[in-house]
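Spelled out, the chains give:
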Amino acid sequence: MDKKELRRLIRSLKQQHSPSELHAMSCALCERVVSTPQWRSATTILLYHALPDEVDTTPLLEAALSAGKQVLLPVVVDAEHMVLRVYSGAGFMSVGSFGILEPTGPDFPSEAYPSIQLAIVPGMSFDDSCHRLGRGKGYYDRLLPQLPEAYLIGICFPFQHQPSIPSLSHDIVMHQVIY
């Protein structure tokens, strides 16, 4: 199955689950993330604000702020690039590209990207070798190489996990996948 066919399959599988089922799975996945040693030790974390069909990271955002961690969220600036912004709470968000809520806080300086210790990364699918299949725009493929010190955790619903997915040499491999 090529990447396009796999994306179509995953979209179909997502539609087989109700919003309440996806919410329950999201909560369980978030609990697994916060139990990792990497979460506990990280002081600067890259998260994402979920689209309706992605693992809802709201519990992670709240837990990170409550623990005094610096939280960063990606913001799409054009067809090629994302920047990272400091997340200060749900009250400091606005709708940005692709209808995704984005923080209105300051940009996190790109020269400080190596200080990010943990990145929680969404994906259409992940496989047994921690390869990631994104949505096809390449945003994370361009961003993740700028985070040389970050421990990369891919997160997806269990039905998104595949034994193997197509991957290319430029695709970034996660350190761990939680599904």
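Conventions we followed
- All residue numbers refer to positions counted from 1 along the written sequence of the respective chain.
- Side-chain atom pairs in this predicted model are given and counted only at pLDDT of 80 or more, local residue features only at pLDDT of at least 70, and totals for whole chains, interfaces and linings cover all residues.
- Computation of side-chain values covers all heavy atoms of the structure but excludes hydrogens and water.
- Only strands that DSSP links by at least two bridges are regarded as paired with each other.
- Every helix listed is a DSSP run of H or I at least four residues long, and every strand listed is a run of E at least two residues long, numbered separately from the N terminus.
- Lining residues are defined by having an atom within 4 Å of a point belonging to a cavity or pocket. Those points lie on a 1 Å grid over the protein atoms alone, cavities being sets where a 1.4 Å probe fits but cannot get out and pockets being open sets with protein on both sides within 12 Å along at least five of seven lines.
- Grid points are joined across faces, edges and corners, and a volume is the space filled by probe spheres set on the points.
- Three categories are distinguished: nonpolar for Ala, Val, Leu, Ile, Met, Phe, Trp, Tyr, Cys and Pro, charged for Asp, Glu, Lys and Arg, and polar for the others, with Gly belonging to the last.
- We call a residue buried when its accessible area falls under 20% of the maximum for its residue type, exposed when it is over 50%, and partly exposed in between, using a 1.4 Å probe and counting protein chains only.
- The working definition used for a salt bridge is a side-chain nitrogen of Lys or Arg within 4 Å of a carboxyl oxygen of Asp or Glu.
- By this rule, a helix spans an expected 1.5 Å times one less than how many residues it contains.
- Relevant arc is that of directions from the helix axis to the C-beta atoms, nothing else.
- Here a residue-residue contact requires only that any non-hydrogen atoms of the pair lie within 4.5 Å.
- Between N or O atoms, a polar contact is any pair within 3.5 Å; within protein, one atom must be a potential hydrogen donor and the other a potential acceptor, and residues adjacent in sequence are included only when both atoms are from side chains.

The strand order across the open sheet formed by 3 strands is β8-β7-β10, and the pairing between neighbours is mixed. Each edge of the open sheet carries a strand with a single partner, namely β8 (132-133) and β10 (161-162). Looking at chain direction, strand β7 (residues 125-127) and β10 are connected through 2 bridges and run parallel. Across the sheet, residue aspartate 127 finds its bridge partner in β10, namely glutamine 162.

Turning our attention to empty space enclosed by the protein. This model, assessed by the stated rule, comprises 1 cavity of 30 Å³ or more. Lining the largest cavity are Tyr48, Asp53, Glu54, Val55, Pro122, Gly123, Ile155, Cys156 and Gln160. Looking at side-chain class alone, the lining of the largest cavity contains 5 nonpolar, 2 polar and 2 charged residues.

For strand β6 (residues 118-122), the tally of buried residues reaches 5 of 5 residues, placing the bulk of the element in the interior. Here β6 shows no split at all, with Leu118, Ile120 and Pro122 on one side and Ala119 and Val121 on the other all buried. As defined by bridge partners, strand β1 (residues 44-46) adjoins β6 across 2 bridges and the pair is classed as parallel. Looking across to β6, one finds that leucine 46 is bridged to alanine 119. Bridge count for β6 against strand β9 (residues 151-155) is 5 bridges, and the pairing is parallel. Its bridge partner being in β9, proline 122 is matched across the sheet by isoleucine 155.

Summed over the entire model, instances satisfying the criterion amount to 6 salt bridges. Lysine 3 is the partner of aspartate 171 in a salt bridge, and the nearest nitrogen-oxygen pair spans 3.2 Å. With aspartate 171 in the loop between β10 and β11 (176-178) and lysine 3 in helix α1 (residues 3-14), this pair connects stretches of sequence that are 168 residues apart. Arginine 85 serves as the salt-bridge partner of aspartate 107, at 2.8 Å between the closest nitrogen and oxygen. Of the two residues, aspartate 107 is situated in the loop between β5 (101-103) and β6 and arginine 85 in strand β3 (residues 82-87); the sequence distance between them amounts to 22 residues.

With that settled, the discussion passes to α1. An ideal rise of 1.5 Å per residue puts 16 Å on 12 residues; α1 measures up with 16 Å between its terminal C-alpha atoms. If you check which residues of α1 are buried, you get Lys3, Leu6, Arg7, Ile10, Leu13 and Lys14. Taken around the axis of α1, the buried residues stretch over an arc of 125°, which confines them to a single face. Turning to α1, the residues buried within the fold contact β7, β8 and β10. Between a side-chain oxygen at the N-terminus of α1 and the backbone nitrogen of lysine 4 the separation is 3.2 Å; the capping residue is aspartate 2.

The end-to-end C-alpha distance of helix α2 (residues 19-34), which contains 16 residues, comes to 22 Å, matching closely the 22 Å that a straight helix rising 1.5 Å per residue would cover. Within the span of α2, buried status applies to Leu22, Met25, Ser26, Leu29, Cys30 and Val33. Down the axis of α2, the sector holding all buried residues measures 140°, keeping them to one side. Opposite the buried face of α2, at more than 90 degrees from it, the exposed residues are Ser20 and Glu31. At its buried positions, α2 is contacted by α3 (37-41), α4 (58-66), β6, β9 and β11.

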